Amino acid sequence: MLEPMEWKRFWKILEEAYREDPVDHFEALKERLRQLEPDELLAFQARFDDAVRAANLIALWGAAHLINGGCSDDCFRDFRVWLVGRGRHAYEAALKNPDSLADILDGEPVDGFGLDMAAVRVYEEKTGRSDFYERLDRIEEELPPPPPEGEDFDFEDENELRRRYPRLCHLYLIPEEPES
């Protein structure tokens, strides 16, 4: 049975491919993945999916809600794809403290721009086959994603957002009016 890619190699591929522009990032990741064999593409995708699942945290969802001005289930998955694409250091820092995202953001919403599709596109180019997900299912457990972990809170409560994410609020919320 094929195993997921070793973490160090996985993060190295992502970090080498990172580009500021989402379209350039996607294309650079595909270019980097073209160096892999088909089985390695599957192993990369299994590891990518592991990282996205591990980021299913309510605290991170609250940050995504603040950053994107709202965040549905699908939007949160795209956000986690974007976060994985930013590389190991940004990813691990955000899992520990989502407010650390203020170090890498500029006040604009974020989008994963399909980074989680790069490996399948390259696999199909290389092999001419469409069995990527069938083969990936043999690597990954076929379980529904677990619910987000952590203490739930109201993402619409600006006071709570300011308490949890002071630096992100500085970038994404209108400053509070001083009391007279």
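Residues numbered from 1 in each chain as written. Predicted model: local features only at pLDDT ≥ 70, side-chain atom pairs only at ≥ 80, totals over all residues. Heavy atoms only, no water.

## What to know about the layout of surface pockets
Turning to step 1, where the next piece is worked out: A volume near 300 Å³ is recorded for the second largest pocket.
Turning to step 2, where the next piece is worked out: Lining the second largest pocket are 17 residues, with Glu20, Pro22, Trp82, Arg86 and Val110 positioned closest to its centre.
Turning to step 3, where the next piece is worked out: A class-by-class count of the residues in the lining of the second largest pocket yields nine nonpolar, two polar and six charged. (1 Å grid on protein atoms, 1.4 Å probe; cavity = no way out; pocket = protein on both sides within 12 Å on 5 of 7 lines; lining within 4 Å. Points joined across faces, edges and corners; volume = space filled by probe spheres on them. Nonpolar A, V, L, I, M, F, W, Y, C, P; charged D, E, K, R; others polar.)

## Considerations on the packing of aromatic side chains
Turning to step 1, where the next piece is worked out: Applying the stated criterion across every chain yields a total of 15 aromatic pairs.
Turning to step 2, where the next piece is worked out: On the numbers, 6.1 Å between centres and 55° between planes, the contact of Trp61 with Phe155 is tilted. In this pair, Trp61 is assigned in helix α4 (residues 58–68) and Phe155 in the loop between α8 (132–139) and α9 (158–164), connecting sequence segments 94 residues apart. The burial state of Trp61 is the same as that of Phe155; both residues are buried.
Turning to step 3, where the next piece is worked out: For the ring pair Phe132 and Tyr133, a centre distance of 5.3 Å and an interplane angle of 85° mean the geometry is edge-to-face.
Turning to step 4, where the next piece is worked out: In this structure Tyr133 comes out as partly exposed when scored by relative accessible area, which is 40%.
Turning to step 5, where the next piece is worked out: Clustering of aromatic rings is evident, with ring pairs tying together Trp7, Phe10, Trp11, Phe44, Phe48 and Tyr91. (Phe/Tyr/Trp six-rings, centres within 6.5 Å; stacked < 30°, edge-to-face > 60°. Helix = DSSP H or I, 4+ residues; strand = E, 2+ residues; numbered from the N terminus. Buried < 20%, exposed > 50% of the residue type's maximum accessible area, 1.4 Å probe, protein only.)

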